[in-house]
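One-letter residues, chain by chain:
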Amino acid sequence: MRNIHAGKSIRRLAVGIIALGAFLVPAPLATASGADRDGRSPVITLPGATGAEGIAAAGGSTFFAGDLLNGNIFRGDIDEGKAKLFIEAPAGRAAVGMKVDRDNDLLFVAGGATGQAYVYDLETKKTVQVYDLAPAGASFINDVTLTRDGAWFTNSRAGELYRIPVSRDGTPGDIRTLALDAPAGTVDEGFNLNGIAAADDGGTLIVGHFGRGALYAVDPDDGSNKAIDVTDSSGAPVTVTNVDGIVIRDNTLWAVQNFLNQVSRIDLNGSLGQGEVQEVITSPYFDIPTTAALFGDTLALVNAKFTTPAATSFEAVLVRACSGG
């Protein structure tokens, strides 16, 4: 592999994220309980994991989660409350955000500081393709979302997105790089673009900016974009501090706020120009959650434990996606 020191690079980056997060003080709104329901355990251990960052729903109650530092992939079930190693990744890989293409049984994985993206066949567990999206060490390929025509990746160190198209027969194609206009495309010091999700049936991409605590609606055709004005119920502006992974269903967006150990549930208006925070979801089991996957009325999130460098176990945590069910 091109970057055999990916694990060290990711550890150094995690330290930088911690330092940035230390300056951002939470101002939580009304919170919703993160209690479990239906008798399921709220914590699912990823056995043998040395880190965690990405999680993806795979249909039914199945999820996939990644080992941040070595790229291994775990498969779990939220109903059974269990997970096990599914793919042992080759040396030098990392696993950050991920998404499952259910139609083609493919798993798309962001490779972090390697600058790469990986595509796995979920039937054979083999690597379909490795993509060099950006220079190793000078980039951080952070998250991925799927639209009808392919996968879109963010880079936390550049104002651009990368699309990997998927043909009708399920074959991934050549990379397209999309430069973003300001404001989303303006690069600041520290961590920039992070989570990404498709809205408006894929006609718009929503990206989160970690450093600014902002959400942007992006046109995937030309890179133009606009900030989403987020408020509380009184109309007061809200900064989505420490925004990491995001999930969208219809006009509802869940924003994982890693160092705040919370998830903000935001209702978006029809034009995707405004959003109102409906509630903030917490759990006593959160330990720097980074990304989330949605299963009906349940969110599954992985704990990255960035502030616990000696952590020896990693897990997924289940919470209600809405306090009203």
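In this text, all values refer to a predicted model and were calculated from it rather than measured experimentally. One numbering rule holds for all chains: residues counted from 1, following each sequence as written. Local features are withheld for residues below a pLDDT of 70 in this predicted model, meaning they are given only at 70 or higher, and side-chain atom pairs are given and counted only at 80 or more; totals for whole chains, interfaces and linings count all residues. Excluding hydrogens and water, the side-chain figures rest on all heavy atoms present in the structure.

1. Structural notes on the sheet that holds strand β10 (residues 127-132)
Paired strands, in this sense, are two strands between which DSSP finds at least two bridges. Each helix is a run of H or I in the DSSP string that is no shorter than four residues. Each strand is a run of E no shorter than two, and both are numbered from the N terminus. One open sheet accounts for four strands, arranged β7-β8-β9-β10; its pairing is antiparallel. Each edge of the open sheet is held by one strand with a lone partner, namely β7 (98-101) and β10. In this sheet, neighbouring strand axes are inclined to one another by 15° on average, regardless of whether the strands run parallel or antiparallel. As judged from the five bridges shared by strand β8 (residues 106-110) and strand β9 (residues 116-121), these two strands associate in the antiparallel manner. Among the inter-strand pairings, Leu107 is bridged to a residue of β9, identified as Tyr120. Axis definition: a line fitted to C-alpha atoms, limited for helices to the stretch in contact. Angles are taken between N-to-C directions and run from 0 to 180 degrees.

2. As for the sheet that holds strand β18 (residues 225-227)
Whenever strands of a sheet pair, they do so through backbone hydrogen bonds, lying parallel or antiparallel. Within the open sheet, the four strands sit side by side as β15-β16-β17-β18. Their pairing is antiparallel. One side of each edge strand has no neighbouring strand; the edge strands of this open sheet are β15 (193-199) and β18. On average, each strand axis in the sheet is inclined to that of its neighbour by 25°, with strand direction left out of account. Alignment of β15 against strand β16 (residues 204-209), held across five bridges, turns out to be antiparallel. In the strand pairing of β16, Leu193 is matched with His209.

3. Observations regarding the pairing of β15
Only protein chains enter the accessibility calculation, which uses a 1.4 Å probe; a residue whose area is less than 20% of its type maximum is buried, one above 50% is exposed, and one in between is partly exposed. Taken across its seven residues, β15 has six buried, putting it largely inside the fold. Hairpin connection from β15 to β16: four residues lie between these consecutive antiparallel strands, with Asp200 at a positive phi of about 55°.

4. With respect to the packing of aromatic side chains
Pairing of aromatic rings covers Phe, Tyr and the six-membered ring of Trp, with a centre-to-centre limit of 6.5 Å; geometry is then stacked below 30 degrees between planes, edge-to-face above 60, and tilted otherwise. Enumeration according to the criterion identifies five aromatic pairs in this entry. Ring centres of Phe259 and Phe306 lie 6.3 Å apart, and the angle between their planes is 35°; this geometry places the pair in the tilted category. Taken together, the residues span a long stretch of sequence, with Phe259 in the loop between β21 (252-257) and β22 (262-268) and Phe306 in the loop between β25 (298-303) and β26 (315-320) at a distance of 47 residues. Per residue, the accessibility class of Phe259 equals that of Phe306, and both read buried. Three or more aromatic residues joined by ring pairs make a cluster, and in this case those are Phe140, Phe191, Phe210, Phe259 and Phe306. We count a charge as sitting over a ring when the NZ of a lysine or the CZ of an arginine lies within 6 Å of the ring centre and within 35 degrees of the ring normal. When the ring centre of Phe314 is taken as origin, the NZ or CZ atom of Lys305, which lies over that ring, is 5.6 Å away.

5. Digging into unusual backbone geometry
Note the cis peptide between Ala182 and Pro183, where omega equals 5°. By secondary structure assignment, the location of Pro183 is in the loop between β14 (176-179) and β15. In this model, Asp105 sits at a positive phi of 55°, which is unusual for a non-glycine residue. For Asp105, a relative accessible area of 29% puts it in the partly exposed group. A positive phi angle, close to 55°, is found at Asp200, a residue other than glycine. When you line up the elements, Asp200 lands in the loop between β15 and β16. By relative accessible area, Asp200 is classed as exposed at 56%.

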